[in-house]
Amino acid sequence: MTPFGLYVHVPFCAARCGYCDFNTYTAAELPGGGDRAAFAATALQELDRAAATLGAAARPAATVFFGGGTPTLLPPEDLVAILAGIRQRFGLEDGAEVTTEANPESVDARALARLRAGGFTRVSIGMQHAAPHVLSVLDRVHTPGRAAAAVSEARAAGFEHVSLDLIYGTPGERPDDWALTLDTALAAGPDHVSAYGLEVEPSTALAARVRRGELPLPDSDAMADRQAEADAALSDGGLAWYEVANHAATPEARCRHNLGYWRSHDWWGIGPGAHSHLAGERWWNVKHPSAYARRLAAGQSPAAGSEVLDPVARRFERIMLEVRLAEGLDLALLSPAGRRAAERLEHDGALELSGGRAMLTLHGRLTADAVARDLTD
Ligand SMILES: C[S@@+](CC[C@H](N)C(=O)[O-])C[C@H]1O[C@@H](n2cnc3c(N)ncnc32)[C@H](O)[C@@H]1O
Ligand code: SF4
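Quantities reported herein were computed from a predicted structural model and do not represent experimental measurements.

### Considering unusual backbone geometry
For the bond running from G68 to G69, omega is 15°, close enough to zero to count as cis. Although it is not a glycine, Q128 adopts a positive phi angle of roughly 70°. For Q128, a relative accessible area of 8% corresponds to the buried category. A positive phi angle is found at S264, which is not glycine, with a value near 55°. Within the secondary structure layout, S264 lies in the loop between α9 (256–262) and β9 (266–270).

### Brief notes about the site of ligand 1
Surrounding ligand 1, one finds 16 residues, the nearest of these being G69, N103, Q128, R140 and D165. Y19 places a polar main-chain atom, nitrogen or oxygen, 3.1 Å from a nitrogen atom of ligand 1. One of the side-chain N or O atoms of R140 is found 2.8 Å from an oxygen atom in ligand 1. Of all the secondary-structure elements, those providing two or more residues to the shell around ligand 1 are β4 (122–128), β5 (161–168) and β6 (192–197). When its residues are assigned to classes, the shell around ligand 1 shows five nonpolar, seven polar and four charged.

### Digging into the sheet that holds strand β15 (residues 357–360)
Taken together, the three strands give an open sheet; going across it, the order is β13-β15-β14, and neighbouring strands pair in antiparallel fashion. Looking along the sheet, the strands with just one partner apiece sit at the ends: β13 (329–330) and β14 (351–354).

### Considerations on helix α3 (residues 109–117)
Within the span of α3, buried status applies to A111, L112 and L115. Take α3 and look down its axis: the buried residues cluster within an arc of 100°, on one side only. Buried-residue contacts for α3 involve α2 (76–89), β3 (92–102), β4 and α5 (146–156). The positive-phi residue at the C-terminal boundary of α3 is G119, with phi of around 115°.

### Some details on helix α12 (residues 336–347)
For α12, spanning 12 residues, the distance from its first C-alpha to its last is 17 Å, which sits close to the expected 16 Å at 1.5 Å a residue. Burial in α12 covers these residues: G338, A341, A342 and L345. All buried residues of α12 lie within an arc of 105° about the axis, which places them on one face of the element. Exposed and facing more than 90 degrees away from the buried side of α12 are P336, R340, E343, R344 and H347. Phi for G349, located one or two positions after α12, is positive at around 85°.

The rules behind each value
Residues numbered from 1 in each chain as written. Chains lettered and ligands numbered in written order. Predicted model: local features only at pLDDT ≥ 70, side-chain atom pairs only at ≥ 80, totals over all residues. Heavy atoms only, no water. Buried < 20%, exposed > 50% of the residue type's maximum accessible area, 1.4 Å probe, protein only. Helix = DSSP H or I, 4+ residues; strand = E, 2+ residues; numbered from the N terminus. Near = heavy atom within 4 Å. Polar contact = N/O pair within 3.5 Å; in protein donor to acceptor, adjacent residues only side chain to side chain. Nonpolar A, V, L, I, M, F, W, Y, C, P; charged D, E, K, R; others polar. Pairing = 2+ DSSP bridges. Arc of directions from axis to C-beta. Contact = heavy atoms within 4.5 Å. Expected span 1.5 Å × (residues − 1).

Listed below in structure tokens is the structure:
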């Protein structure tokens, strides 16, 4: 049976980082400061609806992922209560992976110990960078050393799986700033690192600063250099790539929840703006926390829209996602034109074809978007 995951979107942040366009709100952006205290009860209402909707098809979750926003802005007891509600309504598989994202400054040893005792097995910490001037352009409020300290606290609390998120390509980042960040991240001892190139999202404060000419953007060659450095430093440090932006120390350290997205498995997304996917049907919730809470209080579904992917769209999506995985793409998914493109890409050194699968080489990982486009044309 297809593995089932639950995602819980916690849409609150202490401050909005200038580069971020996630569905998240500061207290000042929500009427009356936003009812954070009521969030757990509202999420439990949606879980009730989810369990009732699935009925006999409800099954234990293999993975649970609390993302945001900043889930750890809520008291650990609230996150544990939502997890207990999931366990009660769906059950958790033996050895289930239960992750929360955390901002470095929003957790401490006590909160991490409570999360671990409440059943969380994995924590993913948004370190982003080690250079103070880069953290400042990103509007991050933590000191450079705080993320590494949080990794130690998570280890001391008994978390076997600890991940760090990093961002490269911020305006003003020098090559040695990125080398320092990779060294600092590895020295902290996580068993998983995600390294993302900075995306300048159109509606953000960062994009406005770039448009005004206040901040220069790195060119695509510099971005590829940073990505290649990350790939080499992380694998030399014992974290092998398993998805273009994701590296893990062992197969058990890979994020099984995210692998579920990339392999088009099933998941139910709880919370404002959360997306869900079950057997080819997708839907998404209303984005605003107040509208979300109002709908549930009135006994209505929080879904704002849905779509059923036709076979062509499903195949297209699978190619786009699966080619980015180290396990590679099943060549049977490709059209005759896609197969010819795969052979060309192998000749150009971007793909390795073997055992009926297509795997990205290092050159392919640095041009993964273009490779995926070529395969789907
Ligand atoms: C949903 S965010 C939440 C994490 C957490 N609130 C934090 O900021 O530490 C997850 C990750 O997405 C990445 N991210 C967010 N916006 C990005 C952007 N514009 N470009 C690249 N990565 C981004 C960051 O690395 C971040 O840690
Ligand atoms: S990057 Fe994280 S902390 Fe910053 S606004 Fe986005 S979700 Fe919130």
